[in-house]
Amino acid sequence: MLPASQTRDKDALTQEGVAEVLAELSKEFDYIVCDSPAGIEKGALMALYFADEAIVVTNPEVSSVRDSDRILGILDAKSRRAVEGGDPVKTHLLVTRYSPKRANEGEMLSVEDVQEILRIPLIGVIPESETVLQASNAGTPAIHMNGSDVAEAYRDFVSRFLGETLPMRFVEYQKPNFLVSVTKRLFGG
């Protein structure tokens, strides 16, 4: 995993320089993960150009899905594989900040809506959770927040990427049990 510089100008990257770094790393590593910035600018285009596989991360909001659709178009037209006439980049969909309850109430797109728009295979759903903010503030990756739904969802996603077949969790809204709900209100909790 190579982090991007926070101090260098984005124009410091050249296609030749990135190709050289990736060629060297590929001698030692099976996977090289390039996390590109949100939006479509030079850093993202550089990562997209060299991609063999792409995990398209989107929130269940129209603007985010629209941006993801544009990214898919760039992968199809401007990746090295597309330019050289090779096989297309293998794409996967990861939906983040998902709330089944809010999707059920029409406050956000459902996972099915996102899939219908983008038309790429779903590899994971990360639930909306305050755990992500807590992890970020603590400087800890959310996947290390043991016992949290977010950590479990990220582990599921990674396992699916590595070829395991797992059921998709955190996508269905479970209505609260009436008796449990009344008991909580009466006795707290």
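Before reading on, note that the structure itself is shown above.
Remember, it's a predicted structure, so these values are computed and weren't measured experimentally.

## A few points about the sheet that holds strand β1 (residues 53-58)
Right, on to step 1. Strand order in the open sheet formed by three strands is β1-β2-β3, and the pairing between neighbours is parallel. Where the open sheet ends on each side, the last strands, each with one partner, are β1 and β3 (122-127). Put simply, the sheet's adjacent strands are angled 20° from each other on average, direction ignored.
Right, on to step 2. Here strand β2 (residues 90-98) runs beside β3; their pairing, made up of four bridges, is parallel. Looking across to β3, one finds that Y98 is bridged to P127.
Right, on to step 3. Set on the sheet, helix α3 (residues 62-78) makes contact with β1 and β2; between it and β1 the angle comes to about 165°.
Right, on to step 4. On top of the sheet, helix α6 (residues 111-118) reaches β1, β2 and β3; it is set at about 150° to β2, its chief contact.

## Describing the packing of helix α2 (residues 42-49) against α3
Right, on to step 1. Look at α2 against α3: their axes get within 10 Å of each other, and the N-to-C directions meet at 50°. In terms of orientation, α2 lies oblique with respect to α3. As α2 packs across α3, the resulting crossing turns out to be right-handed. Residues L45, L48 and Y49 of α2 pack against I71, I74, L75 and K78 of α3.
Right, on to step 2. Split into classes, the residues belonging to the contact of α2 with α3 amount to six nonpolar, no polar and one charged.

## Quick notes on α2
Right, on to step 1. The element α2 is largely enclosed, with a buried count of six among its eight residues.
Right, on to step 2. Every buried residue of α2 is accounted for by G43, A44, M46, A47, L48 and Y49.
Right, on to step 3. For α2, the elements touching its buried residues are α1 (15-26), α3 and α4 (80-83).

## Regarding the nonpolar core
Right, on to step 1. Counting 23 residues, the largest nonpolar core has L75, L93, Y98, V114 and L118 as the members making the most contacts within it.
Right, on to step 2. Among the elements of the structure, β1, α3, β2, α6 and β3 are those that each provide at least two residues to this core.
Right, on to step 3. When residues in this core are grouped by element, the largest group, five residues, is from α3.
Right, on to step 4. Excluding anything up to four places from it in sequence, L93 contacts V56, T58, V114, Q115, L118, I120, P121, L122, I123 and G124.
Right, on to step 5. Counting residues in each nonpolar core, the second largest holds eight residues, with L94, I126, V150 and F157 among its members.

## Some words on the packing of aromatic side chains
The geometry of two aromatic rings is summed up by the distance between their centres and the angle between their planes.
Right, on to step 1. If you walk through the whole model with that rule in mind, you get two aromatic pairs.
Right, on to step 2. Between Y49 and F50, the aromatic rings sit 4.9 Å apart at their centres with planes inclined by 85°, giving edge-to-face as the arrangement.
Right, on to step 3. Residue class for F50 comes out buried when judged on its relative accessible area of 10%.

Thresholds applied
All residue numbers refer to position in the chain's written sequence, counted from 1. With pLDDT at 70 or above as the cut-off, local features in this predicted model cover only qualifying residues; side-chain atom pairs require 80 or more to be listed or tallied, and sums for whole chains, interfaces and linings still use all residues. Excluding hydrogens and water, the side-chain values take into account all heavy atoms of the structure. Two strands pair under a simple rule: DSSP has to find at least two bridges between them. Each helix corresponds to a stretch of at least 4 residues labelled H or I by DSSP, and each strand to a stretch of at least 2 residues labelled E; elements are numbered beginning at the N terminus. Working convention: axes come from line fits to C-alpha atoms, limited for helices to the stretch in contact. Angles between N-to-C directions cover 0 to 180 degrees. Only heavy atoms matter for contacts: two residues are in contact if any of them lie within 4.5 Å across the pair. The scheme is simple: roughly parallel for angles under 35 degrees, roughly antiparallel for over 145, roughly perpendicular for 65 to 115, oblique for anything else. What makes a crossing left-handed is the near helix being turned counterclockwise from the far one by less than a right angle; a clockwise turn instead makes it right-handed. Residues were grouped as follows: Ala, Val, Leu, Ile, Met, Phe, Trp, Tyr, Cys and Pro as nonpolar; Asp, Glu, Lys and Arg as charged; and all remaining residues, including Gly, as polar. Residue burial is assigned from relative accessible area. The probe radius is 1.4 Å, only protein chains are included, and a residue is buried under 20% of its type maximum, exposed over 50%, and partly exposed in between. Among buried residues, those of type Ala, Val, Leu, Ile, Met, Phe, Trp, Tyr and Cys that are joined through side-chain atoms within 4.5 Å constitute a nonpolar core. Any Phe, Tyr or Trp ring, taking Trp's six-membered ring, that has another such ring centre within 6.5 Å forms a pair; planes under 30 degrees apart are called stacked, those over 60 apart edge-to-face, and the others tilted.

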